[in-house]
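Okay, here's what each chain looks like letter by letter:
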Amino acid sequence: MAARGDNLTIDPERLWDSLMEMAKIGPGVRGGNNRQTLTDADAEARRLLQRWCEAEGMTMGVDQMGTMFFRREGTDPGALPVCVGSHLDTQPTGGKYDGVLGVLGAVEMVRTLNRMGVKTRRPIEVINWTNEEGARFAPAMLASGVFAGVIDQAAAYATTDAEGKTFGEELARIGWQGDEPVGARRMHAFFELHIEQGPILEAEGVDIGVVTHGQGLRWIECTVTGKESHTGTTPMPLRRNAGRGLAQITELVHEIAMKRQPNAVGAIGHVEVHPNSRNIIPGKAVFTIDFRSHLLDVLLAMVAEFDERAPALCDALGVCFESRIVGQFDPPAFDEGCVAAVRGAAEKLGYSHRDIVSGAGHDACWVNKIYPTAMVMCPCKDGLSHNEDEEITPEWAAKGANVLMHAVLEAAEVVG
Ligand code: HGY
Ligand code: MN
Ligand code: MN
């Protein structure tokens, strides 16, 4: 005899319609999204999410980092909630599904539970975490990091974007600085649905990724300082070209990661060259290295090798070198009980699934430090993400949301 709720499935069209509706806010230039955190587009997306959630009878709370919590009451108001969500902010050339699928998949779950009259003992809370991407304000997963107690809130408020605006100013400007102390809300468990952002699930024809672990990350911000001078008149032997430091360090980062395949990745995605004039030799280059590995010893070895070799490389070029860590987390291992709930949900639904390590960082990585946490992944086309061509199918979205729903129901305990 199937337990109540066992055969429940979400409404794929309603979910897809919501994804396409949200994608209209903060459009990119090639069909994706540029809805960066704390912009007016982010504010508009938040208001739409609030409308959708309040229409489902959920009550909203907002904390001092702007993270949004929507609560669906359970039959036991004293029970800790099962929380579920992700992020609505995007990269500057982001896709329509990174983060958004996890928030709107949770909303679709609540819509389904409401229409099917399913009650749970535990409350359920849908979450939109502020600034997961870290594109405008570093580091990534900023609000969930403050929530987990690993990032200082005052430091988060003081972090600045490329125009010198602070996180705190922009959060107040868009009107989403809540009054709840960050981290005051407690959780029974947290689940996050996310696109894989890699090629494995699609290549293997597998519907669901059961995320057991994630990669750790180190973001190293480097400043190479040379001397601005005329590109036409300065004799070559006298030049102190910061651009050469950037170029050789770019190759060094690639070499350090390549010698540790398949357990390492490394690249430089953020670069500022000053004064960035066609006929001035760069006097300064500021850039951020992104090293990752699912093995902590490999991650630390990459950083150690870089720290040892970069200064000498710059000395030889006659330029100065400084660096500082601007983002970091160690490889997470997700909660075995929550991971089993995800795996069990995929099996109950008859979906193909495989255990997988998340290559990308997620809010779940920080929440996992303080509450039992697990993630569900669905495939994405060609494994492409952080690119406006990011694409998934309605079927992948629906299957991911169904697994999310059944994992959450197991943790929240269906009653009546
Ligand atoms: O950087 C990451 O892995 C995430 O997309 N913010
Ligand atoms: Mn994401
Ligand atoms: Mn992302």
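Residues numbered from 1 in each chain as written. Chains lettered and ligands numbered in written order. Predicted model: local features only at pLDDT ≥ 70, side-chain atom pairs only at ≥ 80, totals over all residues. Heavy atoms only, no water.

(A) Summary view of the pattern of salt bridges. The tally for this structure, following the rule as stated, stands at 30 salt bridges. With a shortest N-O distance of 3.3 Å, Arg-46 and Asp-42 are connected by a salt bridge. One end of the pair is Arg-46 and the other is Asp-42, both in helix α2 (residues 40-55) and four residues apart, which spans about a single turn. Grouping residues by exposure puts Arg-46 and Asp-42 together as buried. Here Glu-255 ties to Lys-259 by a salt bridge, and the two come within 4.0 Å at their closest N and O atoms. The network of salt bridges with common partners includes Asp-40, Arg-136, Asp-161, Glu-170 and Arg-173. (Salt bridge = Lys/Arg side-chain N within 4 Å of Asp/Glu carboxyl O. Helix = DSSP H or I, 4+ residues; strand = E, 2+ residues; numbered from the N terminus. Buried < 20%, exposed > 50% of the residue type's maximum accessible area, 1.4 Å probe, protein only.)

(B) Summary view of the coordination of the manganese ion (ligand 3). On the protein side, the manganese ion (ligand 3) has Asp-98 (OD), Glu-133 (OE), Glu-133 (OE) and His-386 (NE2) as donor atoms, found 2.1 to 2.5 Å from it. Here the manganese ion (ligand 3) and the manganese ion (ligand 2) are spaced 3.5 Å apart, with Asp-98 acting as a shared donor. Of this pair, Asp-98 sits in the loop between β3 (82-86) and α3 (100-116) while His-386 sits in the loop between β15 (373-378) and α12 (394-412), placing them 288 residues apart in sequence. Among the residues examined, Asp-98 registers a relative accessible area of 4% and is labelled buried. (Donors = N, O, S within 2.8 Å, 3.2 Å for Na, K, Ca; no water.)

(C) Representation of the site of ligand 1 within the structure. The immediate surroundings of ligand 1 are formed by Glu-132, Glu-133, Ala-140, Arg-292, Ala-360, Gly-361 and His-386. In this structure, Glu-132 approaches ligand 1 through a side-chain N or O atom, which is 3.0 Å from a nitrogen atom. Here Glu-133 contributes a side-chain N or O atom positioned 3.5 Å from a nitrogen atom of ligand 1. Surface burial for ligand 1 is 95%, taken as the share of its 210 Å² of free accessible area covered by protein chains. A breakdown of the residues in the shell around ligand 1 according to their chemical character gives two nonpolar, two polar and three charged. (Near = heavy atom within 4 Å. Polar contact = N/O pair within 3.5 Å; in protein donor to acceptor, adjacent residues only side chain to side chain. Areas by Shrake-Rupley, 256 points an atom, 1.4 Å probe, with all protein chains shown as cover. Nonpolar A, V, L, I, M, F, W, Y, C, P; charged D, E, K, R; others polar.)

(D) Quick look at unusual backbone geometry. In this model, Ala-138 is joined to Pro-139 through a cis peptide bond whose omega is 0°. With respect to the helices, strands and loops of the structure, Pro-139 is situated in the loop between β5 (124-128) and α4 (142-147). Omega for the bond connecting Gln-261 with Pro-262 falls within 30 degrees of zero, at 0°, which places this linkage in the cis form. For Pro-262, the position within the fold is in the loop between α8 (242-258) and β10 (265-274). Its identity as a non-glycine residue notwithstanding, Leu-38 has a phi of 65°, on the positive side. When you line up the elements, Leu-38 lands in the loop between α1 (12-23) and α2. Of the residues examined, Leu-38 reaches a relative accessible area of 0% and is grouped as buried. Even without being glycine, Met-141 reaches a positive phi, approximately 50°. With respect to the helices and strands, Met-141 occurs in the loop between β5 and α4. Given the relative accessible area of 2%, Met-141 is considered buried.

(E) Spatial organisation of the coordination of the manganese ion (ligand 2). Listed as protein donors to the manganese ion (ligand 2) are His-87 (NE2), Asp-98 (OD) and His-194 (NE2); their distances from the metal cover 2.1 to 2.3 Å. In terms of primary sequence, the donors binding the manganese ion (ligand 2) are separated according to H-x10-D-x95-H.

(F) Looking closely at the packing of α2 against α3. Orientation of α2 relative to α3, taken along the N-to-C sense of each, is 20°, at an axis distance of 10 Å. Considering the angle they form, α2 stands roughly parallel to α3. As for the relative orientation of α2 and α3, their crossing is left-handed in sense. Across the interface between the two elements, Leu-49, Trp-52 and Cys-53 from α2 touch Val-103, Leu-104, Val-107 and Arg-111 from α3. Within the contact of α2 with α3, the residues separate by chemical class into six nonpolar, no polar and one charged. (Axes fitted to C-alpha atoms, helices over the stretch in contact; angles between N-to-C directions. Parallel < 35°, antiparallel > 145°, perpendicular 65-115°, else oblique. Left-handed = near helix turned anticlockwise from the far one by under 90°. Contact = heavy atoms within 4.5 Å.)

(G) Layout of the packing of aromatic side chains. One pass over the full model with this rule turns up 10 aromatic pairs. Between Tyr-157 and Phe-167, the aromatic rings sit 6.1 Å apart at their centres with planes inclined by 40°, giving tilted as the arrangement. Of this pair, Tyr-157 sits in helix α5 (residues 153-158) while Phe-167 sits in helix α6 (residues 167-173); the two residues are 10 residues apart in sequence, bridging distant segments of the chain. For Phe-167, a relative accessible area of 0% translates into the label buried. The structure contains a cluster of three or more aromatic residues connected by ring pairs, namely Phe-69, Trp-129, Phe-147 and Phe-190. (Phe/Tyr/Trp six-rings, centres within 6.5 Å; stacked < 30°, edge-to-face > 60°.)

(H) The pairing of strand β6 (residues 189-195), seen in detail. Counting buried positions along β6 yields seven of seven residues, so the element is predominantly enclosed. The alternating pattern of β6 places Ala-189, Phe-191, Leu-193 and Ile-195 and Phe-190, Glu-192 and His-194 on opposite faces, both of which are buried. As paired strands, β3 and β6 are joined by three bridges and run parallel to one another. For Cys-83, the partnering residue across the bridge sits in β6 and is Phe-190. Where β6 meets β15, six bridges bridge the pair, whose relative direction is parallel. Paired with Leu-193 across the strands is Val-376, a residue of β15. (Pairing = 2+ DSSP bridges.)

(I) Up close: the side chain of Glu-196. Position of Glu-196 among the secondary structure elements: in the loop between β6 and α7 (200-204). Of the side chains with opposite charge, Arg-354 lies nearest to the buried Glu-196, which makes no salt bridge, at 7.2 Å. (Lys, Arg positive; Asp, Glu negative; His and termini not counted.)

(J) Representation of the sheet that holds strand β14 (residues 353-358). Read across the sheet, eight strands follow the order β1-β2-β5-β3-β6-β15-β7-β14 without closing on themselves; strand pairing throughout is mixed. The open sheet has two free edges, formed respectively by β1 (59-62) and β14, since each of these has just one partner strand. For this sheet, the mean inter-axis angle between neighbouring strands, taken without regard to orientation, is 30°. Contacts between α3 and the sheet are confined to β2 (68-72), β3, β5, β6 and β15, with β5 contributing the most and set at about 155° to the helix. Contacts between α12 and the sheet are confined to β3, β5, β6, β7 (208-214) and β15, with β6 contributing the most and set at about 175° to the helix.

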